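# Breakdown of the fold
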Amino acid sequence: MSAVNEPSFRESVELMFDRAVELMDLPDGLKEKIRVVNATYTVRFGVRLRGEVKTFTGYRSVHSEHMEPVKGGIRYAIGVNQDEVEALAALMTYKCALVETPFGGSKGGLRIDPREYEVHELEAITRRFAYELAKRDLINPSQNVPAPDMGTGEREMAWIADQYARMNTTDINAKACVTGKPIHAGGIAGRVEATGRGVQYALREFFRHPEDKAAAGLGGTLSGKRVIVQGLGNVGYHAAKFLSGEDKSVITGIIERDGALVSDAGLDVDAVRDWVGEYGGVKGYPDATFVEDGSVVLEKDCDILIPAALEGVINLSNAARIKAPLIIEAANGPVTAGADEVLRERGCVIIPDMYANAGGVTVSYFEWVKNLSHIRFGRMQRRQEEARHQLVVDELERLDKYLGDAWSMTPDFKEKYLRGADELELVRSGLDDTMRAAYQSMREVWHSRDDVKDLRTAAFIVAISRVARSYEAKGI
Ligand code: GLU
């Protein structure tokens, strides 16, 4: 996607890594060990479809095994290639370190356009791919745990989990071999929304810090902020929905494959999503202006730009024209290393991918823990918590009666206070805590060091130092 003469995605990630690691006091050998991709497995396999054997090419790349299992999604897209999978695996290492999920980094991909196949064909292809990976321990609850990515979702994860279970009939932890499964197949509440929810929590945290907002020339809260979202897939949709519905931001632009919609009054995210579901694109949507060349909408005036689709969409060919003062990278690698430099010089603040989209892997971590513990979060404590809260409510009710008109309980206090947290609430609370803590670790480096001018470099420094510590502890 990047402009001609720009480095590849993997080189771009390495350039960003190099920029950060130069500022760190680490032995050169260790820097090199952290930078390189440990191994990439390429598999070509055949599946009999429509009366003939079709050959597919897939990858699983492992960037770093300083912690195991290694973690990262499996992408289905026609553009999948080794360079891309390796860049994404490296980003997973840094992402996991930054948000303190105890995993190394990995990523997989299958070169396929999923829209060309029927569901039963996709199942056959997925099962065969899973078989090829599982028999080499590239899917394994203690070694390598995939998850959804572009072009895959709950359905594919359920097939993978089932395939692994068929191959490992006595493994009591088989379900933990993959995350992002549907609830009825061992998934966790809140995993589907997790990455978009994480983007929302990241922005909320950013807006809690006056200095950080000022760096982007922004003030106030998320309410009323004009937001442009590129890509209304799982991540972009949830981020836009939560920001508009809960934080009262105004979605002034949505960029999709066939063009873009703009509306200064704000777009109804669910209505647009339904429209895309029915008609396959945004064209013809009634309550907005349609712009055929969607890429120009990336350059439109707004407060927050959320690239939530492919890598390299902001590159040297358009970076100078991007007006947003704040970009949050909901996708992996949407800004090339060259564009990053142009934007930084202009004073644009970029909340980097390894932090901004870490909500997915964070909730994947909760799902993996749930699978290994074989119990739903909250199952033991919920009613006990409610009973203890009931004691307080009883006392307050007594006081209420005693004080007569002088005091009474706030109307919905009782209901809100009594309700013990269910799994979804616990997952959101764990995610919120994770996003806040990771942001704070980044901003501390950003503000405390004169040689660190941006959040991405700060994020790399935090992540690399954690990975380095873990290699050092192992004696490497
Ligand atoms: N594919 C997602 C990502 O890029 C999720 C990975 C996971 O949950 O392991 O972060």
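Residues numbered from 1 in each chain as written. Predicted model: local features only at pLDDT ≥ 70, side-chain atom pairs only at ≥ 80, totals over all residues. Heavy atoms only, no water.

## A look at the overall build of the chain
Along the backbone of the chain there are 16 helices and 12 strands. Relative to a compact globule of 476 residues, whose C-alpha radius of gyration would be 23 Å, the chain shows 23 Å and is just as compact. Judged by the C-alpha coordinates and their principal axes, the chain covers about 80 × 55 × 55 Å. Taking contacts inside the chain between residues at least 6 apart in sequence as the whole, the part at least 24 apart equals 70%. Of the roughly 20600 Å² of accessible surface on the chain, 49% is carried by carbon and sulfur atoms. Separation of charge centres in the chain, based on 61 positive and 72 negative side chains, amounts to 3 Å. (Helix = DSSP H or I, 4+ residues; strand = E, 2+ residues; numbered from the N terminus. Rg over C-alpha atoms; globule rule 2.2 N^0.38 Å. Contact = heavy atoms within 4.5 Å. Areas by Shrake-Rupley, 256 points an atom, 1.4 Å probe, with all protein chains shown as cover. Lys, Arg positive; Asp, Glu negative; His and termini not counted. Charge placed at Lys NZ, Arg CZ, Asp CG, Glu CD.)

## A closer look at unusual backbone geometry
Cis rather than trans, the peptide bond between Glu-68 and Pro-69 has omega equal to 5°. For Arg-50, which is not glycine, the phi dihedral falls at a positive 50°. With respect to the helices and strands, the residue Arg-50 is situated in the loop between strand S1 (39–49) and strand S2 (52–64). With a phi close to 60°, Asp-137 is a non-glycine residue in the positive phi region. By the secondary structure assignment, Asp-137 is in the loop between helix H4 (119–134) and strand S5 (144–148).

## Structural notes on the sheet that holds strand S11 (residues 326–328)
Within a sheet, neighbouring strands are paired by backbone hydrogen bonds and run either parallel or antiparallel to one another. The seven strands are arranged S9-S8-S7-S6-S10-S11-S12 in an open sheet whose pairing can be described as mixed. The open sheet has two edge strands, strand S9 (289–291) and strand S12 (349–351), and neither has a second partner. Put simply, the sheet's adjacent strands are angled 20° from each other on average, direction ignored. Where strand S10 (residues 304–307) and S11 come together, two bridges link them in parallel fashion. Across the sheet, the residue bridging to Ile-304 is Leu-326, located in S11. In the packing of helix H6 (residues 194–206) onto the sheet, the strands contacted are S10, S11 and S12, and the crossing angle to S11 comes to about 145°. (Pairing = 2+ DSSP bridges. Axes fitted to C-alpha atoms, helices over the stretch in contact; angles between N-to-C directions.)

## Re the site of the ligand
Lining the immediate environment of the ligand, one finds 14 residues, of which Lys-71, Lys-95, Pro-148, Asp-149 and Ser-364 sit closest. Within the side chain of Lys-71, an N or O atom sits 2.9 Å from an oxygen atom of the ligand. One of the side-chain nitrogen or oxygen atoms of Arg-191 is found 3.1 Å away from an oxygen atom of the ligand. Against a free-state accessible area of 290 Å², the protein chains account for coverage of 94% of the ligand. Going through the elements one at a time, strand S3 (70–77), helix H3 (82–98), S5 and helix H12 (359–373) are the ones with two or more residues in the shell around the ligand. Tallied by class, residues from the shell around the ligand come to four nonpolar, five polar and five charged. (Near = heavy atom within 4 Å. Polar contact = N/O pair within 3.5 Å; in protein donor to acceptor, adjacent residues only side chain to side chain. Nonpolar A, V, L, I, M, F, W, Y, C, P; charged D, E, K, R; others polar.)

## Structural notes on the nonpolar core
Of all hydrophobic cores here, the largest spans 89 residues; its most connected members are Leu-203, Leu-326 and Ile-464. Sort the elements by how many residues they give to this core and helix H16 (residues 455–474) lands first, with 11 residues. What Leu-203 contacts, discounting residues up to four positions off in sequence, is Leu-222, Leu-243, Ile-304, Leu-326, Ile-328 and Ile-351. Listed in part, the 29 residues of the second largest apolar core include Leu-110, Ile-112, Met-157 and Ala-161. (Core = buried A, V, L, I, M, F, W, Y, C linked by side-chain atoms within 4.5 Å. Buried < 20%, exposed > 50% of the residue type's maximum accessible area, 1.4 Å probe, protein only.)

## A closer look at helix H9 (residues 269–279)
Taken as a whole, H9 has its buried residues at Val-269, Val-272 and Val-276. The buried side chains of H9 occupy one side of the element, clustering within an arc of 65° when seen end-on. Residues of H9 that are exposed and angled more than 90 degrees away from the buried face: Asp-274, Gly-277 and Glu-278. Buried residues along H9 sit against helix H8 (234–246), strand S7 (250–256) and strand S8 (259–262). Between a side-chain oxygen at the N-terminus of H9 and the backbone nitrogen of Asp-270 the separation is 3.2 Å; the capping residue is Asp-268. Immediately downstream of H9, the backbone of Gly-280 shows phi near 80°, a positive value. (Arc of directions from axis to C-beta.)

## Comments concerning the sheet that holds S2
Taken together, the five strands give an open sheet; going across it, the order is S1-S2-S4-S3-S5, and neighbouring strands pair in mixed fashion. Only two strands of the sheet have a single neighbouring strand rather than two, namely S1 and S5. The sheet shows a mean angle of 25° between the axes of neighbouring strands, taken without regard to direction. Sheet topology note: the S1/S2 ladder contains 11 bridges and is antiparallel. Among the inter-strand pairings, Phe-45 is bridged to a residue of S2, identified as Phe-56.

## Some thoughts on the packing of aromatic side chains
The description of two aromatic rings rests on the distance between their centres and on the angle between their planes. The final tally for this structure, using the stated rule, is 15 aromatic pairs. Taken together, a centroid distance of 6.3 Å and an interplanar angle of 85° make the contact between Phe-17 and Phe-460 edge-to-face. One end of the pair, Phe-17, is in helix H1 (residues 9–21); the other, Phe-460, is in helix H16, with 443 residues separating them in the sequence. Owing to a relative accessible area of 2%, Phe-17 belongs among the buried residues under this scheme. We classify Phe-460 as buried; its relative accessible area is 1%. Judged by centre distance (6.0 Å) and plane angle (40°), the ring pair of Tyr-365 and Phe-366 falls under tilted. Classification of Tyr-365 as partly exposed rests on a relative accessible area of 24%. (Phe/Tyr/Trp six-rings, centres within 6.5 Å; stacked < 30°, edge-to-face > 60°.)

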